[in-house]
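Per-entry structural report
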Amino acid sequence: MVDHPPLRRNTGFQLLWFGTTVSQLGTEITKLAVPLFVLALTGSPAWAGIIAGAGVAGSILVLMPAGVWVDRWDRRRTLVTGQALRVVNSACLSALVLSGHVQVWQFVLFGVVDGVCAAFTDLVRYAAIRGLVPVAQLRTAYMQEESRSHAARLAGPPLGGLLYGLAPAVPFVVDTVTFVVALVSGVLSKVPRRPGRASAVPSDDGPGSEPTRPSMRREVGGALAWLWHRRGLREVYGVLTALNLLGGAFMIPLIVLVGERGGGALGTGTVLAGAGIGGLVGALGSTLIGRLLPVGAMMITIVAVFGTAVAAMALPFGPWWPMVPLIVIALSTPSINVVVSAVNAQLVPEDMLGRMNGSLTTVARGLAPLEPVLGGALAATLGAAGTLVVLGAALVLTAAGAATSPELRRFTGEGGSDSAVAGSPRSSQC
């Protein structure tokens, strides 16, 4: 048995983690600053939703081909290039905001560019963890990743509100600086350059010939076929798709609701920090929840809790009340991210990670560009409180429908009979 040093002494992983942490802090800062700026510029919640959805759309549109390219290209160079482009993109937006000549369509454009770059950098980071961290420490690494995400959500919104209060341009400048830190950390982390080549298919030219690479369509199709033949796992991603659409749509109505009830920029940021508070605690407890419930049952339970909490935000208890159900949501959802990441690490070969994660994320978040658009449009039509009630009820109904699936209820995330059918791919040869 190999005795690996503690994860905290893994310099490559920790540098990669630190850069991503700082970068995500900047993203969370602007996640609040952009809607506030656009609402001040246009007065339209719908426009705020469209702009927020633009970055997600850019990411989703390229995820599948990006996954294939991440498996083909030098991963270290891809990471550094993507981070450098994000620095330039953020710097250009900051300059326009500082000049006072920024327009709504420019927010859409910069959001799409950042989303495209994020698709590549996120996929490389996910694959790099598998290359930097021993298998025995992967669950701990995923927990640290999840803690990073929620720590950024905790600190980012109130800091974004505070910086926006100083001057509307300040959050955008700070975001640019965080991208520079991520770029430097990415260079120093020295992620593994290339994955294995086990998934290349043999050439038809005869014995001894060099293997040929499948077409992009075949590689993406193979990844989707792999998912389709995994009973239970495909139902998990079906539930995730609904959760991402309905659960992701509540943010714009929530911001509008807090504003309607008298919360300013700093107050709104403090309410949104509830996601970070609950998320940090939830990330630490994710292993315990994963042990208490099998993956399928855990998914059904968490979606039901999520929907109930979203509807509860509409209760007329003042501008600070939504922070309470937001904490409840954040306590439960980290378990999904940690457990699903661990399941993917168990089932997916290392040289398939790029295209597999790209395909799975596309399946789970295929409707994600509509999240803020749906939330903004519903808020403009039904009002913020009415929208939250409707979204919460839809999530509870989703959980009830998912509970009728025996494949999902039995799914444990292990490579046994409950997670694959006969003939399903079990190696990178897909």
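Refer to the structure presented above.
Computed from a predicted model, the values in this text were never measured in an experiment.

Turning next to the overall build of the chain. The helix and strand inventory of the chain stands at 19 helices and zero strands. Expressed as a percentage of its 430 residues, the buried residues of the chain come to 54%. When contacts within the chain are restricted to residue pairs at least 6 apart in sequence, long-range pairs at least 24 apart make up 85% of them. When the accessible area of the chain is evaluated, it comes to approximately 17,700 Å², of which 67% is carbon and sulfur surface.

On the secondary structure map, Gln24 appears in helix H1 (residues 11-42). On the basis of relative accessibility, which here comes to 14%, the residue Gln24 falls in the buried class. Apart from the residues within four sequence positions on either side, Gln24 is in contact with Arg148, Ser149, Ala152 and Arg153.

Moving on, we get to helix H18 (residues 384-402). Taking 1.5 Å per residue, 19 residues should reach 27 Å; H18 reaches 27 Å between its end C-alpha atoms and fits that length. Inspection of H18 places Ala384, Thr387, Leu388, Leu391, Gly392, Leu395, Ala399 and Ala402 among the buried residues, and these make up the whole buried set. Each buried residue of H18 sits inside an arc of 130° when the element is viewed along its axis, so together they form one side. Taken together, the buried residues of H18 touch helix H8 (233-248), helix H9 (251-260), helix H13 (295-312), helix H17 (370-382) and helix H19 (406-410).

Together, Trp47, Ile50, Leu370 and Val373 make up a nonpolar patch on the protein surface, roughly 320 Å² of accessible area in all. Of all elements in the fold, only helix H2 (45-72) and H17 reach the threshold of two or more residues within the nonpolar patch. By secondary structure assignment, the location of Leu370 is in helix H17.

As a further point, take the pattern of salt bridges. If you walk through the whole model with that rule in mind, you get five salt bridges. Measuring nitrogen to oxygen at the nearest pair gives 3.2 Å for the salt bridge that ties Lys31 to Glu28. In this pair, Lys31 and Glu28 are both assigned in helix H1, three residues apart and thus about one turn of the helix distant. Here Arg86 ties to Asp114 by a salt bridge, and the two come within 2.9 Å at their closest N and O atoms. Pair noted here: Arg86 is in helix H3 (residues 75-99) and Asp114 is in helix H4 (residues 104-132), with a separation of 28 residues, a long-range link. The exposure class of Arg86 is buried, given its relative accessible area of 8%. Beyond isolated ion pairs, a larger network of salt bridges with shared partners links Asp122, Arg125, Glu145 and Arg148.

Conventions and cut-offs
- Residues numbered from 1 in each chain as written.
- Predicted model: local features only at pLDDT ≥ 70, side-chain atom pairs only at ≥ 80, totals over all residues.
- Heavy atoms only, no water.
- Helix = DSSP H or I, 4+ residues; strand = E, 2+ residues; numbered from the N terminus.
- Buried < 20%, exposed > 50% of the residue type's maximum accessible area, 1.4 Å probe, protein only.
- Contact = heavy atoms within 4.5 Å.
- Areas by Shrake-Rupley, 256 points an atom, 1.4 Å probe, with all protein chains shown as cover.
- Expected span 1.5 Å × (residues − 1).
- Arc of directions from axis to C-beta.
- Patch = residues over 30% accessible without salt bridge, like charges linked within 9 Å, V, L, I, M, F, W, Y side chains within 5 Å.
- Salt bridge = Lys/Arg side-chain N within 4 Å of Asp/Glu carboxyl O.

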